[in-house]
Amino acid sequence: MADDDIILSELSDDELVQQMHDDLYDGLKEEIEEATQILLDRGWVPYDVLTKALVEGMRIVGIDFRDGILFVPEVLLSANAMKAGMTILRPLLAATGAPKQGKLVIGTVKGDIHDIGKNLVGMMMEGAGFDVIDLGINNPVENYLDAIEREQPDIIGMSALLTTTMPYMKVVIDTMKEKGIRDDYIVLVGGAPLNEEFGKAVGADAYCRDAAVAVETAKDFIARKHNSLAAGV
Ligand code: B12
């Protein structure tokens, strides 16, 4: 059946999620928006819509991109459709009324323009009660340093999706060390090609596999920071 013939609201939840994976693959922004809203109207919690429909759909896109079945222009359309769904979810994820936790400065490192994962981490952190300052993509070390001075955050988050850009995280951390400010901040890193070992090697406090882990890790570090401050008094 052609997409035109499908009435999204008539599909069961499972069929609709499956259809969203297909529509994300095909970069159909309006369909993703409509289906996101339908799932919410059916009582789905925003986090489930995000992970089961959108992130899972993007995972499938990633596999075919890797295998040379999809190309950059197509993946860009998928990314735009994903972002449209995320735009609907963002205020819902942010409006949890969680108590204030601290401030996060987050950005994708120099040379890298991937921002979906970073945006997702930002959204989830907002929802968990963090103030989030988003530096966007392609950030040289100066951008992080300026933001640190300007915003006085608790946490610095760096994202990289390319094996060629992930070493730049070390440049940022080493520069912080040179300036004697490294230990004043919690540094979290993430992105698909990273792992825990890499996080340790570049001198980050933690590598986080996904946005949910990022939230838990951030809260954990903030609690430890408060405890050690309290112990120091
Ligand atoms: C979408 C996409 C694109 C889009 C990006 C659109 C956008 N606005 O972001 C476009 C089409 C522009 C693109 C371009 C390119 N891409 Co691309 N892209 C992808 C793809 C398919 C999905 C990435 C994504 O959004 N995933 C979904 C999100 C939710 O997951 P995530 O990013 O991993 O984020 C989660 C975690 O990693 C973590 N996290 C992420 N960041 C952070 C930060 C912190 C602080 C924390 C705590 C956690 C955290 O939490 C997130 C949420 O749970 C991946 C495939 C893949 N397997 O990752 C390839 C991929 C990353 N791209 C790849 C390549 C090669 C490119 C190009 C070089 C292609 C080209 N020839 O031009 C360019 C690079 C341009 C550049 N200079 O950056 C390769 C990288 C290979 C490598 N070894 O480096 C991949 C792996 C595809 C592949 N297998 O070939 N890409």
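None of the values given here were measured: they were computed from a predicted structure. (Residues numbered from 1 in each chain as written. Predicted model: local features only at pLDDT ≥ 70, side-chain atom pairs only at ≥ 80, totals over all residues. Heavy atoms only, no water.)

## Digging into the domain arrangement of the protein
Moving on, step 1. Under the domain assignment used here, the protein contains domain 1 (8-98) and domain 2 (100-233).
Moving on, step 2. A separation of 26 Å is found between the C-alpha centroids of domain 1 and domain 2.
Moving on, step 3. With both chains or domains summed, domain 1 and domain 2 bury close to 1,100 Å², and 70% of this area falls on carbon and sulfur atoms.
Moving on, step 4. The largest share of the area that domain 1 buries against domain 2 comes from Met 86, Arg 90 and Ala 98, three residues that together contribute 39% of it.
Moving on, step 5. Scanning the region where domain 1 abuts domain 2 turns up 2 salt bridges. (Domains from an automatic or database assignment. Buried area = accessible area lost by both parts, 1.4 Å probe. Salt bridge = Lys/Arg side-chain N within 4 Å of Asp/Glu carboxyl O.)

## Here's the deal with the UniProt feature "domain: B12-binding" (unreviewed entry) in the protein
Moving on, step 1. Per the UniProt annotation, the sites labelled "domain: B12-binding" (unreviewed entry) are residues 101-232.
Moving on, step 2. Between the end C-alpha atoms of residues 101-232 the distance is 20 Å, and the span holds 48% helix and 18% strand. (UniProt positions renumbered as here; feature names shortened; annotations may be inferred. Helix = DSSP H or I, 4+ residues; strand = E, 2+ residues; numbered from the N terminus.)

## Thoughts on the pairing of strand β3 (residues 155-159)
Moving on, step 1. Burial of β3 is extensive: 5 of the 5 residues sit out of reach of the surface.
Moving on, step 2. Residue alternation in β3 divides its side chains into two sets, Ile 155, Gly 157 and Ser 159 and Ile 156 and Met 158, and both sets are buried.
Moving on, step 3. Direction of pairing for strand β1 (residues 102-108) relative to β3: parallel, over a ladder of 5 bridges. Within β3, the residue paired with Thr 108 across the bridge is Ser 159.
Moving on, step 4. What joins β3 to strand β4 (residues 186-190) is helix α7 (residues 168-178), and the crossover it makes is right-handed. (Buried < 20%, exposed > 50% of the residue type's maximum accessible area, 1.4 Å probe, protein only. Pairing = 2+ DSSP bridges. Right-handed = clockwise from strand over helix to strand, strands pointing away.)

## Thoughts on the site of the ligand
Moving on, step 1. Around the ligand sit 34 residues, and of these Ile 113, His 114, Asp 115, Ser 159 and Thr 163 come closest.
Moving on, step 2. Between a nitrogen atom of the ligand and a side-chain N or O atom of Asp 115, the distance comes to 2.7 Å.
Moving on, step 3. Within the backbone of Thr 163, an N or O atom sits 2.9 Å from an oxygen atom of the ligand.
Moving on, step 4. At the level of elements, α3 (46-66), α4 (72-94), α5 (116-127), β3, β4 and α9 (211-232) are the ones that each hand at least two residues to the shell around the ligand.
Moving on, step 5. Top contributing element to the shell around the ligand by residue count: α4, with 5 residues.
Moving on, step 6. Taken together, the residues that form the shell around the ligand break down as 19 nonpolar, 9 polar and 6 charged.
Moving on, step 7. When residues of the shell around the ligand are sorted by domain, at least three fall in each of domain 1 (8-98) and domain 2 (100-233). (Near = heavy atom within 4 Å. Polar contact = N/O pair within 3.5 Å; in protein donor to acceptor, adjacent residues only side chain to side chain. Nonpolar A, V, L, I, M, F, W, Y, C, P; charged D, E, K, R; others polar.)

## Regarding the coordination of the cobalt atom of the ligand
Moving on, step 1. Inspection of the coordination sphere of the cobalt atom of the ligand shows a single protein donor, His 114 (NE2), at 2.3 Å.
Moving on, step 2. On the secondary structure map, His 114 appears in the loop between β1 and α5. (Donors = N, O, S within 2.8 Å, 3.2 Å for Na, K, Ca; no water.)

## Observations regarding the pairing of strand β2 (residues 130-134)
Moving on, step 1. Relative to β2, β1 runs parallel, the two being bridged by 5 bridges. When the bridges of β2 are listed, Gly 102 appears paired with Phe 130.
Moving on, step 2. Each parallel crossover has a hand, and for β1 linked through α5 to β2 it is right-handed.

## Digging into unusual backbone geometry
Moving on, step 1. Residue Asn 138 is not a glycine yet carries a positive backbone phi of 55°.
Moving on, step 2. Along the polypeptide, Asn 138 turns up in the loop between β2 and α6 (141-151).
Moving on, step 3. Despite not being glycine, Gln 152 shows a phi value in the positive range, around 45°.
Moving on, step 4. Locating Gln 152 in the fold gives a position in the loop between α6 and β3.
Moving on, step 5. Judged by relative accessible area, which is 53%, Gln 152 ranks as exposed.

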